[in-house]
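Residues per chain, in single letters:
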Amino acid sequence: MISYDECVSEIQTLLAQSHAGGSIVPPESDLIDELGLASLDVMELIEALEDRFDVAFPINELGDVRTIADLAQRIASSLAAEIYELKTVDESFANSSNN
């Protein structure tokens, strides 16, 4: 499973490459107010992260994401939820096979 810190690092790397002139920005940095990302920039960042972590974010669940830390927490939570769902499905399948 990918940790919160790994998510932060990946976001920081993507932002350093695309918007921060190579600088690593702190997790508390506001994506719009401090880093100056436009809404399209944020959407492109989210798409890159969805591809990187193989996860999809419903757009209506991202309204409260303001900082790198918020986004990293959302990714880590989504990945943990997916792993839990897969484990639950596997256990249900194993239980039905044993009956």
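1. Quick word on the overall build of the chain
Stage number 1. When helices and strands are tallied, the chain shows three helices and zero strands.
Stage number 2. Along the chain, helices and strands appear, N-terminal first, in the series α-α-α.
Stage number 3. Of all 99 residues assigned to the chain, the portion counted as buried reaches 33%.
Stage number 4. Considering only intrachain contacts with a sequence separation of at least 6, the fraction spanning at least 24 residues in the chain is 59%.

2. A short note on the side chain of threonine 67
Stage number 1. For threonine 67, the position within the fold is in the loop between helix H2 (39–53) and helix H3 (68–98).
Stage number 2. Among the polar contacts listed, one links the side chain of threonine 67 to the backbone nitrogen of aspartate 70, at a separation of 3.0 Å.
Stage number 3. For threonine 67, the contacting residues outside a window of four places in its chain are Pro27, Glu28, Ser29, Asp30 and Leu31.

3. Section: the pattern of salt bridges
As a working rule, side chains carrying opposite charge can pair if their charged atoms are close by.
Stage number 1. In this structure the tally under the stated criterion is four salt bridges.
Stage number 2. Across the pair arginine 52 and glutamate 10 runs a salt bridge whose closest N-O atoms are separated by 3.5 Å. Of this pair, arginine 52 sits in helix H2 while glutamate 10 sits in helix H1 (residues 4–18); the two residues are 42 residues apart in sequence, bridging distant segments of the chain.
Stage number 3. Three or more residues joined by partner-sharing salt bridges are found here, namely Asp30, Asp33 and Arg66.

4. Let's talk about a nonpolar patch on the surface
Stage number 1. A cluster of nonpolar side chains, Leu40, Met43 and Ile59, forms an exposed patch at the surface whose accessible area comes to about 290 Å².
Stage number 2. Here isoleucine 59 is to be found in the loop between H2 and H3.

5. Looking at H2
Stage number 1. Between the first and last C-alpha of H2 there are 21 Å, a value that for 15 residues agrees with the 21 Å anticipated at 1.5 Å per step.
Stage number 2. Those residues of H2 not exposed but buried are Asp41, Val42, Leu45, Ile46, Leu49, Glu50 and Phe53.
Stage number 3. Positive backbone phi, at 50 degrees, marks aspartate 54, one or two positions downstream of H2.

6. As for the packing of H1 against H2
For any two helices packed against each other, one specifies the crossing angle of their axes together with the interaxial distance.
Stage number 1. The interhelical angle for the contact between H1 and H2, taken along N-to-C directions, is 130 degrees, at an axis separation of 11 Å. Considering their axes alone, H1 and H2 lie oblique with respect to each other. For H1 against H2, the interelement crossing comes out right-handed. Together, Glu6, Cys7, Glu10, Ile11, Leu14 and Leu15 of H1 and Leu45, Ala48, Leu49, Arg52 and Phe53 of H2 make up the contact between the two elements.
Stage number 2. Looking at the contact of H1 with H2 residue by residue, the classes come out as eight nonpolar, no polar and three charged.

The rules we used
- Residues numbered from 1 in each chain as written.
- Predicted model: local features only at pLDDT ≥ 70, side-chain atom pairs only at ≥ 80, totals over all residues.
- Heavy atoms only, no water.
- Helix = DSSP H or I, 4+ residues; strand = E, 2+ residues; numbered from the N terminus.
- Buried < 20%, exposed > 50% of the residue type's maximum accessible area, 1.4 Å probe, protein only.
- Contact = heavy atoms within 4.5 Å.
- Polar contact = N/O pair within 3.5 Å; in protein donor to acceptor, adjacent residues only side chain to side chain.
- Salt bridge = Lys/Arg side-chain N within 4 Å of Asp/Glu carboxyl O.
- Patch = residues over 30% accessible without salt bridge, like charges linked within 9 Å, V, L, I, M, F, W, Y side chains within 5 Å.
- Areas by Shrake-Rupley, 256 points an atom, 1.4 Å probe, with all protein chains shown as cover.
- Expected span 1.5 Å × (residues − 1).
- Axes fitted to C-alpha atoms, helices over the stretch in contact; angles between N-to-C directions.
- Parallel < 35°, antiparallel > 145°, perpendicular 65-115°, else oblique.
- Left-handed = near helix turned anticlockwise from the far one by under 90°.
- Nonpolar A, V, L, I, M, F, W, Y, C, P; charged D, E, K, R; others polar.

The values reported here are purely geometric and, on their own, carry no functional implication.
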